[in-house]
Amino acid sequence: MATFEKLSSNKVKLSFVVAPEKFDEALQAAYRKMVKKISIPGFRKGHAPMKVIENYYGASVFYEDALDELFPALYQEAVAEHNVQPVDRPELNVEQIGKGQELKFSVEVFVRPDVKLGEYKHLGIEKEVAEVTDDDVNAEIERARDRASRYVEITDRPAKLDDQVNIDYAGFDGDEQFDGGTAQGHDLVLGSGSFIPGFEEQLVGANVGDEVEVKVTFPEEYHAPELAGKPVVFKVKVNSICEKEVPALDDDFVTEVSETANNVEEYKAEVRAKLEKQAEDKADAAFENAVIEKVAENAEIDIPQGMIEEQIDSMLRDMEMRMMYQGMKLDDYFKYTGQTREQVREMYKKPAEERVRTQLVIEEVRKVENIEATEEEIDAEIVKYADQNQKSLEEFKKMLSEDDMKYFAEIASLQKTVDFLKANAK
């Protein structure tokens, strides 16, 4: 049996008293585990009596191991009994220990903190949706025309900006050709800014077959230090010139790029509807973030450092997974960027604290408002994953464990809480 004491909003103390006979049993268990490793003069290794070992090494020789025998079960039982939610390792303090005596000890441990909500309704925040103008629609259509454009080879004029030229080139530092500055048959769109500043502009006016000396200076921050800030010369041959051909905005173009529109007017309406949906989604995301941020800011929470460190660990694991998908190890990423794991942990410290604060506040609002997702709302959350796996809702649910179902219920309830906050934000 353990007694419970709340020390602060995020820390508790559990005090234990263990009967002498129970501690003596733990001492016997510790002896049986350790005796095979102990050598005592005059006894075969592993056969020395407990009393002899205690006389030789001191009466306390088995105390620590006996406490290790008892502690896990006692601690877990107390945590369950008093509904404690530890977020860090417990700090142990032994007050009395000895053979034939009561064992008395206590632990102090950081727990999920109390959350004192501030104002979480009537925040004066409104969703602001940007108006979609005719200019926005026309600009989007022009981007679609540009994506549908193609390059057509020409021979009757010199190259100009926006043309695509095919070139051979070789770079020279003085009389020496430098590594990485040579290519054959390279396609380059003039004015794209994909080459060193000043390179593309010097090919404007060149004709097919021309050989041009392009003089440029590498940027001071160039990735190859031996070339950074250096003036160099590229010898360039123009193999071909292609002009961008943008399709006309007509019904033929519309039927090529749209699955539903049949003419230009219908296409414009479709583009407008798409842009309005994007504006609505963007505004909703910004509104949701603003509401959650304000509710979290209004709350009072003393977040234990252990919760922040655990969140940083989670963020690092996510980062490591992203690196793996890109075929890179996290340690390699640190080498390439010159960062250390400690620097990245420090960088994640503030966003990790904000995530923990937000999560705690939303959970507290959910508890105070008694918000629980309905079966239909949980199914709506599950169906997103069912669709991704190309299964029906019922097929997918059969694959889920009890813990999986609890997870989806939790996600749906938290989203319902967020929706509640948004609905009451004005």
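See the structure shown above.
The text that follows walks through the structure, step by step, so that each part is easy to find. (Residues numbered from 1 in each chain as written. Predicted model: local features only at pLDDT ≥ 70, side-chain atom pairs only at ≥ 80, totals over all residues. Heavy atoms only, no water.)

1. Looking at the overall build of the protein
Regarding its fold elements, the protein presents 12 helices and 11 strands. For a compact globule of 426 residues, the expected C-alpha radius of gyration is about 22 Å, and the protein comes in at 35 Å, more than 25% above that figure. Considered along the principal axes of its C-alpha atoms, the protein spans approximately 105 × 65 × 45 Å. Among the 426 residues that make up the protein, the fraction classed as buried is 35%. (Helix = DSSP H or I, 4+ residues; strand = E, 2+ residues; numbered from the N terminus. Rg over C-alpha atoms; globule rule 2.2 N^0.38 Å. Buried < 20%, exposed > 50% of the residue type's maximum accessible area, 1.4 Å probe, protein only.)

2. Overview of the packing of helix α7 (residues 305-325) against helix α9 (residues 341-369)
The N-to-C vectors of α7 and α9 enclose an angle of 115°; their axes lie 7 Å apart at closest approach. When the axes of α7 and α9 are compared, the pair comes out roughly perpendicular. Taken as a pair, α7 and α9 cross one another with a handedness that is right-handed. Between α7, through Q305, M307, I308, E309, Q311, I312, D313, M315, L316, M319 and R322, and α9, the contact on the second element is made entirely by R341, V344, R345, Y348, K349, P351, A352, E353, R355, V356 and L360. A class-by-class count of the residues in the contact of α7 with α9 yields 12 nonpolar, two polar and eight charged. (Axes fitted to C-alpha atoms, helices over the stretch in contact; angles between N-to-C directions. Parallel < 35°, antiparallel > 145°, perpendicular 65-115°, else oblique. Left-handed = near helix turned anticlockwise from the far one by under 90°. Contact = heavy atoms within 4.5 Å. Nonpolar A, V, L, I, M, F, W, Y, C, P; charged D, E, K, R; others polar.)

3. Quick notes on the pattern of salt bridges
By the definition in use, this model includes 31 salt bridges. With its nearest N and O atoms 2.4 Å apart, the salt bridge here joins D134 to R272. With D134 in helix α4 (residues 134-147) and R272 in helix α6 (residues 264-298), this pair connects stretches of sequence that are 138 residues apart. Looking at R272, the relative accessible area reads 25%, which means it is partly exposed. (Salt bridge = Lys/Arg side-chain N within 4 Å of Asp/Glu carboxyl O.)

4. Things to note about α7
Given a rise of 1.5 Å per residue, 21 residues ought to cover 30 Å, and the 31 Å separating the end C-alpha atoms of α7 matches this to within 8%. All of the buried residues along α7 are G306, M307, I308, Q311, I312, M315, L316, M319 and M323. Tucked inside the fold, the buried residues of α7 contact α8 (330-337) and α9. With its phi angle positive at about 75°, G327 sits one or two positions after the end of α7. (Expected span 1.5 Å × (residues − 1).)

5. Quick notes on a nonpolar patch on the surface
Taken together, M321, M324 and Y325 make up a surface patch of nonpolar side chains, about 390 Å² in accessible area. Mapping M324 onto the fold places it in helix α7. (Patch = residues over 30% accessible without salt bridge, like charges linked within 9 Å, V, L, I, M, F, W, Y side chains within 5 Å. Areas by Shrake-Rupley, 256 points an atom, 1.4 Å probe, with all protein chains shown as cover.)

6. Section: the pairing of strand β7 (residues 164-173)
Among the 10 residues of β7, nine are classified as buried, and the element is accordingly described as predominantly covered. Here β7 pairs with strand β8 (residues 176-189) via eight bridges, running antiparallel. Within the sheet, the bridge partner assigned to I167 lies in β8 and is H186. In the sheet, β7 pairs with strand β10 (residues 231-245) via nine bridges, with the strands oriented antiparallel. Bridge pairing in β10 places D168 opposite K237. (Pairing = 2+ DSSP bridges.)

Take it as geometry only, folks, not as evidence of what the structure does.
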